[in-house]
Amino acid sequence: MTQRALRSSGEHTPGRPRRRAMIDAGSELDPVHPMKLPATAVRTSGLTADEVAERIARGEVNDVPVRSSRSVREIVRANVFTRFNLIIGVLWLIMLFVAPIQDSLFGFVIIANTGIGIVQEWRAKKTLDSLAVIGEAKPTVRRDGVAAEISTSEIVLGDLVELGPGDKVVVDGAVAEADNLEIDESLLTGEADPVLKQAGDPVMSGSFVVAGGGAFSATKVGREAYAAQLAEEASRFTLVQSELRSGISTILKYVTWMMVPTAIGLIISQLVVKNTNVKDSIARTVGGIVPMIPEGLVLLTSVAFAIGVVRLGRKQCLVQELPAIEGLARVDVVCLDKTGTLTEGGMDVTEVRALNGADDPYIRQVLSALGASDPRPNASLQAIIDAYPSPNGEAWRCTEALPFSSARKYSGAAFVETDGRPSTWLLGAPDVLLPDQDPALGEIEQLNEQGLRVLLLARAEGELEGPEIAHGAVPTALIVLEQRLRPDAGDTLRYFADQRVATKVISGDNAVSVGAVAGKLGLPGAEHTLDARRLPTDPDDMAAAMEENAVFGRVTPQQKREMVAALQSRGHTVAMTGDGVNDVLALKDADIGVSMGSGSEATRAVAQIVLLNNSFATLPSVVAEGRRVIGNITRVATLFLTKTVYSVLLAILVVCFQVEYPFLPRHLTLLSTLTIGVPAFFLALAPNKERARPHFVRRVMRYSVPSGVIAGIATFVTYLVARHYYTGTEALGAETSAATLTLFLVSMWVLVIIARPYTWWRIVLVASMGAAFLIVLMVPWLQNFFALKLVGTVIPWTAVGIAVVAAAALEFTWRLVSRRFPV
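From a predicted model like this one, the values you see are computed outputs, not experimental measurements. (Residues numbered from 1 in each chain as written. Predicted model: local features only at pLDDT ≥ 70, side-chain atom pairs only at ≥ 80, totals over all residues. Heavy atoms only, no water.)

Trainee: Tell me about the environment of Glu 162, and name the residues and values.
Mentor: Structurally, the position occupied by Glu 162 is in strand β4 (residues 160-163). Through-space distance from the C-alpha of Glu 162 to that of Ala 148 is 9.6 Å; in sequence the pair is 14 residues apart. (Helix = DSSP H or I, 4+ residues; strand = E, 2+ residues; numbered from the N terminus.)

And the structure:
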């Protein structure tokens with residue numbers, strides 16, 4: 001049986017105190033008041049195997065779904081049943097009955113696009129589901145006197161669940177054992193201060209332990225638990241809550257408003273006013289309506305995000321909320337917790353310096369006893385345990401223990417020594433336990449400047465949990481710890497510096513020590529350190545201090561939260577990384593929370609991104625992926641909306657001039673495929689390191705509106721010139737071909753601008769699209785299929801000339817817009 005199991009089953013481990021307040025043995029929960037346990041409600045050994053089986057048979061299991069993506073059915077429904085797919089589907093069915101198959105190609109394109117979207121999101125779902133299983137925290141449950149980790153979904157009603165610092169309360173329950181158990185319920189109630197729990201007190205799912213330990217009995221499981229509904233809804237994989245997605249929704253709303261009256265006017269014009277062939281009129285009416293719909297934009301955004309999830313999944317990065325990819329790309333300040341982020345979790349004791357004439361063997365005995373007193377040691381105490389293990393012989397008896405708290409910055413224990421004498425010891429931050437003028441602080445400062453971590457061992461008098469226990473404590477020894485730097489942390493800090501992302505190191509350790517560690521890793525501004533105890537409380541002054549300094553020490557959990565808020569008040573987009581329970585509040589309030597996979601369950605629960613490989617070096621990949629998605633979607637959105645603008649404008653001009661609509665659906669399907677569809681797919685997935693900027697709608701519309709207007713006017717001018725030139729029964733086909741040539745050339749020039757800066761593959765992409773159109777014009781059967789045939793030389797060259805003028809106007813307009821309307 002493991003050491004942990006021995007403790008859990010109630011057997012006493014030598015040197016360990018009996019640290020829990022326990023409820024007497026019993027078997028059944030109070031059915032009337034499930035949150036208040038009677039004194040005989042819970043056995044300390046937990047449920048038996050038979051009792052577990054009985055509860056499973058009754059369905060009393062915690063069957064809340066794990067954090068996951070949308071179901072396959074939801075994916076199909078979201079991609080198929082859209083407003084625009086409905087419109088296009090109806091128009092497609094009409095065209096199948098009244099026109100040749102080539103005028104119905106747009107319908108097949110939509111089917112293919114929708115299929116691609118479903119497949120890509122399904123791939124993303126598989127990736128997320130597999131990573132969620134890997135990253136899922138497993139609570140420790142005591143059954144038949146043995147503690148074992150099980151899946152959250154396997155907990156049954158009445159299970160005895162153990163708790164320690166950083167553990168999340170996964171179901172509702174009542175405390176059965178408490179050892180200075182402090183639980184933070186701020187995520188549920190908004191109450192910032194941790195609540196001290198005693199035996200019989202209720203605990204709610206969604207809260208987490210900040211100090212102490214204990215166990216609770218599950219009184220509500222599954223969807224009956226307090227936070228179950230909220231957690232299930234909040235943890236769902238979503239594509240909609242982001243500036244990018246909301247911006248696209250806003251654009252589509254405006255497009256719908258423009259499209260409806262324009263389409264009605266076009267229908268009346270082509271079917272009523274113009275006395276032409278009915279089938280041909282219907283085909284040209286549909287040809288005018290279909291290109292108004294930027295249906296591929298929504299699809300491409302979904303595909304880009306889904307591919308981003310798959311790419312990050314391969315790097316063991318779990319994106320719990322999809323917009324986090326986008327959000328991290330917009331970040332301009334990253335707040336890092338030193339321990340677990342810049343440094344690895346483990347530490348090594350390099351030196352123990354005796355103070356006030358203390359005896360070295362006695363100090364080692366004290367440290368050994370302190371290590372044995374805590375069943376859940378933090379990294380610092382674990383280093384002491386490794387250096388001074390508990391002796392095999394007679395050990396000191398621990399009568400009381402005070403677990404470490406990030407708020408008070410120390411831990412402690414009371415012992416009865418082998419000779420029967422009582423003693424009380426504290427272990428923690430020297431600048432907290434020592435008065436400001438103590439001579440030992442100078443020595444400690446020198447060690448901190450070397451990047452070493454220093455703990456003070458002090459002998460205290462009085463009650464261990466008394467408020468004045470630290471006052472008057474006698475310094476006995478300095479324990480010098482060396483932290484293990486992450487080998488990849490320096491490169492990651494340089495990446496953020498190159499990307500003009502400010503980095504702030506926020507730690508509970510000594511500011512000078514943290515600054516020295518940051519300096520070794522090359523953090524810009526590492527010499528600007530500030531002790532958070534001297535941090536101003538006024539939000540504006542705090543924000544100014546945050547911007548002026550790069551390293552902050554002795555930061556409390558509440559201060560971390562306030563520091564994030566102060567930076568946000570200055571307009572910064574803040575990302576917070578961390579792995580400890582003291583980081584939870586700041587992670588929750590930051591724009592983007594990033595947790596290490598080995599971090600506490602509470603941090604993983606509130607973070608949007610979990611680095612399952614515990615590598616800080618993965619963060620640049622997330623930033624790069626977000627920038628790729630945002631930058632590229634901004635590019636291709638301009639292509640899609642340019643088409644929408646010129647389609648609406650052409651329809652309005654056709655109605656005003658009372659002429660036939662110049663295009664059949666096949667023409668615009670060809671143009672959309674070559675100038676938008678195929679190029680947009682490749683451009684959306686290309687590398688892009690451009691920093692994400694706000695105001696997505698404004699940035700897209702400032703280019704797409706003038707581009708669409710220029711393209712529409714140039715095309716219509718060519719069409720009118722051709723109408724005055726050509727006569728006879730075949731005139732309309734020649735006019736359409738000339739207008740198609742102009743529209744293609746102008747749209748290609750928009751693509752040429754969008755594709756900048758050029759790389760070899762971008763040049764090949766643009767050239768191949770031009771070559772494809774040239775092949776259509778030259779191959780007879782393709783001419784017939786797409787009804788494109790240039791007649792004579794005058795009008796075709798006129799069409800080219802008008803396109804050249806339009807291209808020059810595009811260049812001038814884009815440069816003017818960039819200067820006059822910067823974003």
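Trainee: Explain the sheet that holds strand β22 (residues 609-611) residue by residue, including any values.
Mentor: Strand order across the open sheet formed by eight strands is β9-β22-β21-β20-β10-β17-β19-β18, with mixed pairing between neighbours. Two strands close off the open sheet at either side, each with one partner strand: β9 (317-319) and β18 (529-531). Looking at each pair of strands side by side, their axes are set apart by 20° on average, direction ignored. By the bridge criterion, four bridges tie strand β20 (residues 574-578) to strand β21 (residues 592-596) in an arrangement that is parallel. Bridge pairing links Ala 575 to Ile 592 in β21. Strands β10 (333-336), β17 (502-506), β19 (551-553) and β20 of the sheet are contacted by helix α19 (residues 557-569), whose axis makes an angle of about 160° with β20. (Pairing = 2+ DSSP bridges. Axes fitted to C-alpha atoms, helices over the stretch in contact; angles between N-to-C directions. Contact = heavy atoms within 4.5 Å.)

Trainee: Describe the nonpolar core, and please don't skip the residues or the numbers.
Mentor: Grouped together as the largest cluster of nonpolar side chains are 89 residues, with contacts concentrated most on Phe 106, Ile 633, Val 636, Phe 696 and Phe 773. For this core, the leading source of residues is helix α22 (residues 619-657), giving 14 residues. Filtering out sequence-adjacent residues up to four positions away, Ile 633 remains in contact with Leu 244, Ile 248, Leu 300, Thr 301, Ala 304, Ala 684 and Phe 696. Counting residues in each nonpolar core, the second largest holds 37 residues, with Ala 306, Ala 489, Phe 496 and Val 505 among its members. (Core = buried A, V, L, I, M, F, W, Y, C linked by side-chain atoms within 4.5 Å. Buried < 20%, exposed > 50% of the residue type's maximum accessible area, 1.4 Å probe, protein only.)

Trainee: Can you lay out unusual backbone geometry for me, pointing to particular residues and giving the numbers?
Mentor: Looking along the chain, the bond that leaves Arg 756 and enters Pro 757 is cis, with omega of -5°. Locating Pro 757 in the fold gives a position in the loop between α25 (731-754) and α26 (760-778). One non-glycine residue, Asp 144, adopts positive backbone phi at about 55°. Positionally, Asp 144 belongs in the loop between β2 (140-143) and β3 (146-149). Taking the relative accessible area as the measure of exposure, Asp 144 reaches 47% and is therefore partly exposed. The backbone phi angle of Gln 316 is positive, close to 60°, even though this residue is not glycine.

Trainee: Can you break down the pairing of strand β5 (residues 172-184) residue by residue, with the values?
Mentor: Note on strand geometry: in a regular strand, side chains alternate between the two faces of the sheet. Here β5 lies mainly inside the structure; twelve of its 13 residues are buried. Two strands pair when backbone bridges link them, and β5 and strand β8 (residues 208-220) are joined in this way by ten bridges, in the antiparallel orientation. Residue pairing in the sheet places Ile 183 in a bridge with Val 209 of β8.

Trainee: Got a sec to walk through the confidence of the model for the chain? Specific residues and values, please.
Mentor: Residues shown with low pLDDT carry predicted positions that ought not to be read at fine detail. Here the chain shows a mean pLDDT of 80. Residues at 70 or above account for 87%. Low pLDDT, under 50, characterises residues 230-241; the predicted model gives this stretch 27 contacts beyond four residues in sequence or across chains. (pLDDT = per-residue confidence, 0-100.)

Trainee: Describe helix α18 (residues 539-548), and please don't skip the residues or the numbers.
Mentor: Those residues of α18 that sit buried are Met 542, Ala 543, Ala 545 and Met 546. Buried residues of α18, seen end-on, are gathered within an arc of 160° and therefore sit on one face of the element. With respect to the buried face of α18, the exposed residues turned more than 90 degrees away are Asp 540 and Glu 548. Packing partners of the buried residues in α18 comprise β17, β18, β19 and α19. The opening residue of α18, the one whose side-chain oxygen lies 3.1 Å from the backbone nitrogen of Asp 540, is Asp 538. (Arc of directions from axis to C-beta. Polar contact = N/O pair within 3.5 Å; in protein donor to acceptor, adjacent residues only side chain to side chain.)

Trainee: Provide a residue-level description of the pattern of salt bridges, including the pertinent values.
Mentor: Going through the model one piece at a time under the given rule, you end up with 24 salt bridges. Notably, a salt bridge pairs Arg 533 with Asp 531, separated by 2.8 Å at the nearest N-O pair. According to the relative accessible area criterion, Arg 533 is partly exposed, its value standing at 45%. What makes Asp 531 buried here is its relative accessible area of 8%. When the shortest N-O distance is used, the salt bridge between Glu 735 and Arg 723 registers 3.9 Å. Highlighted residues: Glu 735 in helix α25 and Arg 723 in helix α24 (residues 696-725), separated in sequence by twelve residues. One salt-bridge network, in which partners are shared between bridges, spans Glu 417, Asp 419, Arg 421 and Arg 459. (Salt bridge = Lys/Arg side-chain N within 4 Å of Asp/Glu carboxyl O.)

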